[in-house]
Amino acid sequence: SVRVVLAAAAVADVAAQQAPAAEAEEKEPPLPRGRPLQIVKIDIESNSVILGEEEIQELERALKRSGHDKVAVVGVMGAFRTGKSFLLDLMLRYMREKSQGADAKVDGEECPVPDWVLERGVPAWAVKCGDSLVEGREGLGTEAKELDGFQWRPGMEKCTEGVWIWSEVFTAKAGDEEVAVLLMDTQGAWDARMTKEQSATVFGLTTLLASRLVYNVSKQIQQDKIDNLLYFTEFAQAALRSKNGFASLENQQVRPFQTLDFLIRDWPHYPESVTIDSGRTMMNDHLGQYMDKKVSEDTQSIDTLQQMFSKLDIWCLPHPSLAIERESWNGDLKVIEPQFWKFIDTYLDKIFSPSELQAKTTLGTPLTVDTFANVLREFVFAFKNASPKAQSFAEAMETSNSLLARDSALKFLKNSMKEQVGETQALAPAEFEKLALAAAEKAEAEFRTKAIYGNEDNIQRVALELKGDVKTEIERLREENQRKLEASLNGLSDVSLAAVAGFGLDKVSDFTCDWWSPFCRDISGDLLFGYTGVLLYVAFSVFSINSKRGQLDAMVAAIELGKSMTKKASKLLGEVKTDFGKKDEGKP
């Protein structure tokens, strides 16, 4: 019957559409191996900041592949030889195991968990894919493969130079939404080779980029560690106060920076049987010595940090093992003390939990995968002379805030139009223009609510650029809507083509067999019912378009349907001729 013919045509059409997609999926190249990318280098001799443009582009591609919109950046920084890269390699293992969609596999095989893990209370994530931490250990395994983590080595010689970000983008929940997560490592600031200004530059760039800044310090918080923080934050504070809307940082609900974690390494004060809860009490008491105005004498430092960061927190880790400080240590994790595993596991669960993890924001506006690279370039340019100044910092914040506000407004426009129009629906031109005008006005209002930092002239300049972007986007959507209008009936091309074929068969049977064969007459009756029904449905669809959008749009849609049917008929005839040609070639 006609229904069988139409079903077969539909199945064939779906199969034809799926075949290219399957081929494309098979040919998709494998993802590049994760590696540390040096996005910023401090040239100590020339006192300059060098941007790793190729590395930034690679990171930008990885972020866009993640499919997420917002970005969370966990950065670790601190003084020379405090174990930052060792900590980040543990974070890599944790995120590879815990990140949604990640599998603990090596070369496609599940990674085993060694027997001694349960005996020593070691978290499974720490020892999957190997019970020896050789990912970033220089000199181990490098002949067989490249380093698979942030570079570290036991002893006194430092590893990291500049600012590095791991190229692998992880997925985790920040609140109720999934975000792309990046791990960032920095040069050991405030070492003997770097000037105070150069160290502040590294700290400043890390602070600007991180949604959670882990300040890695040894044994306890000391006043000189806080002074190092203040050296940069005072520049930032002066810059913010010099701009409109930030005259009083004390009253601002949106802080310039997000979370600052004091991570105390080799904390010597835990008793042997300490619990996490009692240990947490000790941590908060230690932070209170410096951050509680009732206890600390340095209230000015407390005010500055609390005005610049939305949250101050602390965590204390016991010493992992004296064995890891030896030059001969090969990364064997069996030597790590159980108490260290207990506290590092709880700490990582905490900072990567949905309630603690945050998308990176600049003055309240989220950093996105589309704006990450440009904002990073602006920040690096502001510190190009490796010497933070209030003016250069202010300019970087101003430019990045405008970029993010502009990006937010454009996304608002696209989402608003998508909600109103949908993926496949076409609107009458008058209705489209009405919706586009309303969406453009709301997008400009969104920009004004986000562009809160900088002088009015610069904000107006970016607002004008946004108007151009909005105009371009609406023109693109207008053309897309017009294509949808023209193709309104194209979804009926297969069934219409089958109806035409049925009409032809019916007329052929009228002259060949209807006059003598009851079977032919039955088939002709089915065909008549089928193509008449299709004709009536197409006529109704044309009438609906004419009623909603006018005679011209209805005529254009009918012509496009005819073109689509002609193309499919030509393609079908070509395939039939090819098949017959192959059969003729096969005959003797």
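These numbers come from a predicted model, not from an experiment.

A. Broad picture of the overall build of the protein chain. Along the protein chain, the regular secondary structure elements total 17 helices and 13 strands. Across the 588 residues that make up the protein chain, the buried fraction comes to 46%. Intrachain contacts of the protein chain at a sequence separation of at least 6 include 76% that bridge at least 24 residues. Approximately 29,700 Å² of the protein chain is accessible, and the part contributed by carbon and sulfur atoms is 54%.

B. Looking closely at a nonpolar patch on the surface. Nonpolar side chains collect at one region of the surface, where Tyr537, Phe540 and Phe543 lie side by side and expose about 380 Å² of accessible area between them. Here Phe543 lies in helix α16 (residues 518-549). With relative accessibility at 53%, the residue Phe543 sits in the exposed group.

C. Layout of the state of the cysteines. Summed over all chains, the structure comprises 1 disulfide. Across the disulfide from Cys513 sits Cys520; the S-S distance is 2.0 Å. The sign of the -100 degrees torsion about the S-S bond sets the Cys513-Cys520 disulfide as left-handed.

D. The arrangement of the packing of aromatic side chains in detail. Per the stated rule, a full pass over the model turns up 11 aromatic pairs. Plain terms: the ring middles of Tyr270 and Phe343 are 4.5 Å apart, the flat faces sit at 20 degrees to each other, and that makes the pair stacked. Remark: Phe343 occurs in helix α10 (residues 338-351) and Tyr270 occurs in the loop between β10 (257-265) and α8 (276-291); sequence separation between them is 73 residues. Like Tyr270, the residue Phe343 is buried in the burial classification. An aromatic cluster is present here, built from Tyr94, Trp125, Phe340, Trp341 and Phe352 joined pairwise through their rings.

E. A look at the pairing of strand β7 (residues 170-174). Judged by how many residues are buried, β7 sits mostly within the fold: 4 of 5 residues are covered. Judged from the 5 bridges that link them, β7 and strand β8 (residues 177-186) form a sheet pairing that is antiparallel. Residue pairing for β8: Ala172 is matched across the bridge by Val179.

F. Inspection of helix α2 (residues 53-65) at higher detail. End to end, α2 covers 19 Å across 13 residues, agreeing with the expected 18 Å (1.5 Å per residue, within 8%). Of all the positions in α2, only Ile56, Glu58, Leu59, Glu60, Ala62 and Leu63 are classed as buried. Buried residues along α2 sit in contact with β1 (36-43), β2 (48-51), β3 (71-78), β6 (163-166), β8 and α11 (372-382). Immediately beyond the C-terminal end of α2, within one or two residues, lies Gly67, with a positive phi of roughly 80 degrees.

G. View of unusual backbone geometry. The phi angle at Lys219 is positive, at roughly 70 degrees, despite the residue not being glycine. Among the residues examined, Lys219 registers a relative accessible area of 45% and is labelled partly exposed. Although it is not a glycine, Asp266 sits at a positive phi angle of roughly 60 degrees. Tracing the backbone through its elements, the reader meets Asp266 in the loop between β10 and α8.

H. Quick look at the environment of Ile351. By the secondary structure assignment, Ile351 is in helix α10. A sequence separation of 277 residues divides Ile351 from Val74, and the C-alpha atoms of the two residues are 9.0 Å apart. Dropping the residues within four chain positions of it, Ile351 is found in contact with Met91, Arg212, Asp261, Glu356 and Leu357.

I. Quick peek at the nonpolar core. Met91, Phe262 and Phe352 are the most contacted members of the largest nonpolar core, which has 106 residues in total. Considering each element in turn, this core owes the most residues, 8 residues, to helix α3 (residues 84-98). The contact partners of Phe352, leaving out residues within four places of it in the chain, are Val74, Met91, Tyr94, Met95, Val181, Leu183 and Leu357. Ala405, Val421, Leu435 and Val462 belong to the second largest nonpolar core, which has 22 residues in total.

J. Spotlight on the pairing of β10. Of all 9 residues in β10, 9 are buried; the element is thus mostly enclosed. Pairing between strand β9 (residues 212-218) and β10: 7 bridges, direction parallel. Residue pairing for β10: Ser218 is matched across the bridge by Arg265. Strand direction decides the pairing type here: β10 and strand β11 (residues 309-316), joined by 7 bridges, are parallel. Of the residues in β11, the one forming a bridge with Ile264 is Cys316.

K. Examining the pattern of salt bridges more closely. Under the definition given, this model contains 23 salt bridges. Across the pair Arg406 and Glu465 runs a salt bridge whose closest N-O atoms are separated by 2.8 Å. Of this pair, Arg406 sits in helix α12 (residues 390-421) while Glu465 sits in helix α14 (residues 456-486), and the two are 59 residues apart along the sequence. Its relative accessible area of 31% is what places Glu465 among the partly exposed residues. Each of Arg212, Asp261, Arg280, Lys311, Asp313, Lys350 and Glu356 takes part in a single network of salt bridges with overlapping partners.

L. Examining helix α13 (residues 429-450) more closely. Compared with an ideal rise of 1.5 Å per residue, which puts 22 residues at 32 Å, α13 spans 31 Å between its outermost C-alpha atoms and is within 8% of the ideal. Within the sequence span of α13, burial applies to Phe432, Leu435, Ala436, Ala439, Ala440, Ala443, Glu446 and Phe447. Along the axis of α13, the buried positions cluster into a sector of 145 degrees, meaning they face one direction only. In α13, the exposed positions that point more than 90 degrees away from the buried face belong to Ala430, Lys434, Leu437, Glu441 and Thr449.

M. Here's a closer look at the packing of α8 against α10. Contact geometry for α8 and α10: axes closest at 11 Å, N-to-C directions at 75 degrees. The orientation of α8 with respect to α10, classified from their angle, is roughly perpendicular. In contact with Ile276, Gly279, Arg280 and Met283 of α8, α10 contributes Lys342, Phe343, Thr346 and Lys350. Among the residues forming the contact of α8 with α10, the class breakdown is 3 nonpolar, 2 polar and 3 charged.

Parameters and conventions
- Residues numbered from 1 in each chain as written.
- Predicted model: local features only at pLDDT ≥ 70, side-chain atom pairs only at ≥ 80, totals over all residues.
- Heavy atoms only, no water.
- Helix = DSSP H or I, 4+ residues; strand = E, 2+ residues; numbered from the N terminus.
- Buried < 20%, exposed > 50% of the residue type's maximum accessible area, 1.4 Å probe, protein only.
- Contact = heavy atoms within 4.5 Å.
- Areas by Shrake-Rupley, 256 points an atom, 1.4 Å probe, with all protein chains shown as cover.
- Patch = residues over 30% accessible without salt bridge, like charges linked within 9 Å, V, L, I, M, F, W, Y side chains within 5 Å.
- Salt bridge = Lys/Arg side-chain N within 4 Å of Asp/Glu carboxyl O.
- Disulfide = S-S within 2.5 Å.
- Phe/Tyr/Trp six-rings, centres within 6.5 Å; stacked < 30°, edge-to-face > 60°.
- Pairing = 2+ DSSP bridges.
- Expected span 1.5 Å × (residues − 1).
- Core = buried A, V, L, I, M, F, W, Y, C linked by side-chain atoms within 4.5 Å.
- Arc of directions from axis to C-beta.
- Axes fitted to C-alpha atoms, helices over the stretch in contact; angles between N-to-C directions.
- Parallel < 35°, antiparallel > 145°, perpendicular 65-115°, else oblique.
- Nonpolar A, V, L, I, M, F, W, Y, C, P; charged D, E, K, R; others polar.

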